[in-house]
Amino acid sequence: MPASKETPKPKLHISEQPITLRNFHRHVNWLHATVVILFPLVGCVLAFYTPLQTKTFIWAVVYYFCTGFGITAGYHRLWSHRCYSAKLPLRLLLAAAGAGAIQGSIRWWSSKHRAHHRWTDTIKDPYSVQKGFNYSHMGWILMEQNPQHRGRTDISDLDHDPVVVWQHRHFGKCMLIFAWVFPMLVAGLWGDWWGGLLYAGVLRGSVVQQATFCVNSLAHWLGEQPFDDRNSPRDHFLTALVTLGEGYHNFHHEFPSDYRNAISWYQYDPTKWLIYALSKTGIAYDLKKFRYNEIEKGRLQQSKKTFDKKYEKQSSKLSWGTPLSDLPVIEWDDFKSAITTKDSALVAIGGVIHNVAAFILEHPGGKSLISSAIGKDATAMFNGGVYEHSNAAHNILSTMRVGILRGGAEVEIWKRETCSDDKVIMGKCTRRTLSQAGGSYCSRCGEVVRVT
Ligand SMILES: [Zn+2]
Ligand SMILES: [Zn+2]
């Protein structure tokens, strides 16, 4: 017999192979590493030799906000989530500003972001925080990704927007102009060409990148989860501060098509304020908001869930008495005939038998009242007949329960019959004749007795 050929193992994608010195260069996405790491590093070194002029510094800060808004108001809330609509001049402005943020084209960015929302925290989430804080922050950009794990989403709407299509096609030129040339030209107005390129171009671009990366890392790692805690997104003021208001990320993942990230007036969301202001000019319109009723329902459900978890944790540390399902069933007759001793004094309340012996002297209502209930069904007495006991009294009572009363109270049909022939040996009937018509059972052994 010829030896069967072994089927060759499928070749693992480089991202699935362990990083070694020999294959390290294949793990790194060198284009991304150059733009995200090398340029800013070189910029930092050059900054030592380039004086920072006040005008250039102010321009760099202003341009930081412009390009930052290009991402938050443009790439994110307009194109990724369709939170509002924008007229052509605004779309052009946002596309230009977004290109200046050096984060890829609208089309590339939005498809990744939609996948992030669709597949949050799974292997198909392009920047899943489950792979670690550093991975979600920058690792996913710097390292080669396995295309098989790409979470696919529908971006057909973006392909119908000529601004998006044009920017994607000419992204290299757009980035060059709006990330570096334009800030340099503006600073050139006061003669600081080189400072403009360095501070308002290279270093400003790096700060905008890092701020945006924080939405993928910090906003999935730090803060509260007031709307849903099933996934990682969180709300935190600090994240909002560094991301132009994108830090209320738990709300955002719950209500992604809402043009707001922060819904309270005192929360920091300058992107929301900008979109709102633009809507007053008419250049932005159709601002989408989730209904207050739905938002508050989500908040209430999550607070209940949080409370329930806390309740269960605390509750498990306390004694609530023997669970009812673990208690033995006791006959009325046995309950009645139980001998009251120093350690045993039975009282039936609500179908449950309690041993109140250790509590008689502690009873706030006095010894005689509680003693008068021994061997009786004191349900009415306990629940208002004599005194409407407090919740604390109910809780204390539950710690004393020792059995369940068969039938829940004194039930005639289940009382033991005394018959002239009945003999009881070691608690087991040898003969049972009951007076009721129809079938019944022996109160000792529980066997069904047919009456003939
Ligand atoms: Zn997210
Ligand atoms: Zn989003």
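All figures in this text were calculated on a predicted structure; none of them were measured in a lab. (Residues numbered from 1 in each chain as written. Chains lettered and ligands numbered in written order. Predicted model: local features only at pLDDT ≥ 70, side-chain atom pairs only at ≥ 80, totals over all residues.)

A. The overall build of the protein, seen in detail. Along the protein, the regular secondary structure elements total 17 helices and 10 strands. Counting only residues that meet the buried cut, the protein has 33% of its 452 residues in that class. For the protein, the proportion of contacts with a sequence separation of at least 24, taken over those separated by at least 6, is 63%. (Helix = DSSP H or I, 4+ residues; strand = E, 2+ residues; numbered from the N terminus. Buried ≥ 20, exposed ≤ 12 C-beta atoms within 10 Å, placed from the backbone. Contact = placed C-beta atoms within 7 Å.)

B. Layout of the UniProt feature "transmembrane region" (unreviewed entry) in the protein. Taking the numbering used here, the UniProt-annotated feature "transmembrane region" (unreviewed entry) corresponds to residues 30-49, 56-76, 88-109 and 177-200. A distance of 28 Å separates the end C-alpha atoms of residues 56-76, which is 100% helix and 0% strand. In the segment residues 177-200, helix accounts for 83% and strand for 0%; the C-alpha atoms at its two ends are 13 Å apart. (UniProt positions renumbered as here; feature names shortened; annotations may be inferred.)

C. Expanded view of the sheet that holds strand β3 (residues 329-330). Ordered by their spatial adjacency, 4 strands build an open sheet running β3-β6-β5-β4, and the pairing between neighbours is mixed. Edge strands, defined here as strands with exactly one partner in the open sheet, are β3 and β4 (346-349). Pairing geometry for β3 and strand β6 (residues 401-405), over 2 bridges, is parallel. Opposite Ile 330, over in β6, you have Leu 405 as the bridge partner. (Pairing = 2+ DSSP bridges.)

D. Region of interest: helix α5 (residues 106-118). In this model α5 runs 18 Å from its N-terminal to its C-terminal C-alpha over 13 residues, within 8% of the 18 Å that 1.5 Å per residue would give. Among the 13 residues of α5, 10 are classified as buried, and the element is accordingly described as predominantly covered. Burial in α5 covers these residues: Ile 106, Arg 107, Trp 109, Ser 110, Ser 111, Lys 112, His 113, Arg 114, Ala 115 and His 116. Among the structural elements, α3 (54-80), α4 (88-99) and α7 (162-169) are those in contact with the buried residues of α5. (Expected span 1.5 Å × (residues − 1).)

E. Main features of the nonpolar core. Leu 78, Tyr 84, Leu 94 and Ile 106 are the most contacted members of the largest nonpolar core, which has 59 residues in total. Setting aside residues up to four positions removed in sequence, Tyr 84 forms contacts with Arg 77, Leu 78, Tyr 259, Ile 275, Ala 284, Tyr 285, Asp 286, Leu 287 and Lys 288. By size, the runner-up hydrophobic cluster in this structure holds 15 residues, among which are Val 352, Ile 353, Met 400 and Leu 405. (Core = buried A, V, L, I, M, F, W, Y, C linked by C-beta atoms within 7 Å.)

F. Structural context of the packing of helix α8 (residues 171-188) against helix α9 (residues 193-216). α9 packs onto α8 with a crossing angle of 140° between their chain directions and a minimal axis gap of 7 Å. One way to sum up the angle between α8 and α9 is to call them oblique. The interaxial crossing formed by α8 with α9 has right-handed handedness. Together, Ala 179, Trp 180, Pro 183, Met 184, Val 186, Ala 187 and Gly 188 of α8 and Trp 193, Gly 195, Gly 196, Leu 197, Ala 200, Gly 201, Val 202, Arg 204 and Gly 205 of α9 make up the contact between the two elements. (Axes fitted to C-alpha atoms, helices over the stretch in contact; angles between N-to-C directions. Parallel < 35°, antiparallel > 145°, perpendicular 65-115°, else oblique. Left-handed = near helix turned anticlockwise from the far one by under 90°.)

G. Highlighting the pairing of β6. Here strand β5 (residues 352-355) runs beside β6; their pairing, made up of 3 bridges, is antiparallel. Within the sheet, the bridge partner assigned to His 354 lies in β6 and is Arg 401.

H. Inspection of the environment of Gly 104 at higher detail. With respect to the secondary-structure elements, Gly 104 resides in the loop between α4 and α5. With 20 C-beta atoms counted inside 10 Å, the residue Gly 104 sits in the buried group.

I. Looking closely at unusual backbone geometry. Unlike most non-glycine residues, Arg 82 shows phi in positive territory, near 55°. You can see Arg 82 is positioned in the loop between α3 and β1 (85-86). Arg 82 gets classed as partly exposed once you count the C-beta atoms within 10 Å, which come to 16. Non-glycine residue Ile 102 carries a positive phi angle of around 55°. One can find Ile 102 in the loop between α4 and α5.

J. Spotlight on the pairing of β5. Where β4 lies against β5, 4 bridges are found, and the strand directions are antiparallel. For Ile 349, the partnering residue across the bridge sits in β5 and is Val 352. The turn joining β4 and β5, which pair antiparallel and follow one another in sequence, is formed by 2 residues; a positive phi near 60° is taken by Gly 350.

K. Structural context of the confidence of the model for the protein. Here the protein averages 87 in pLDDT, and 89% of its residues register 70 or above. Long-range and interchain partners of residues 417-439, a stretch whose pLDDT sits below 50, account for 32 contacts in this model, where long-range means more than four residues apart. (pLDDT = per-residue confidence, 0-100.)

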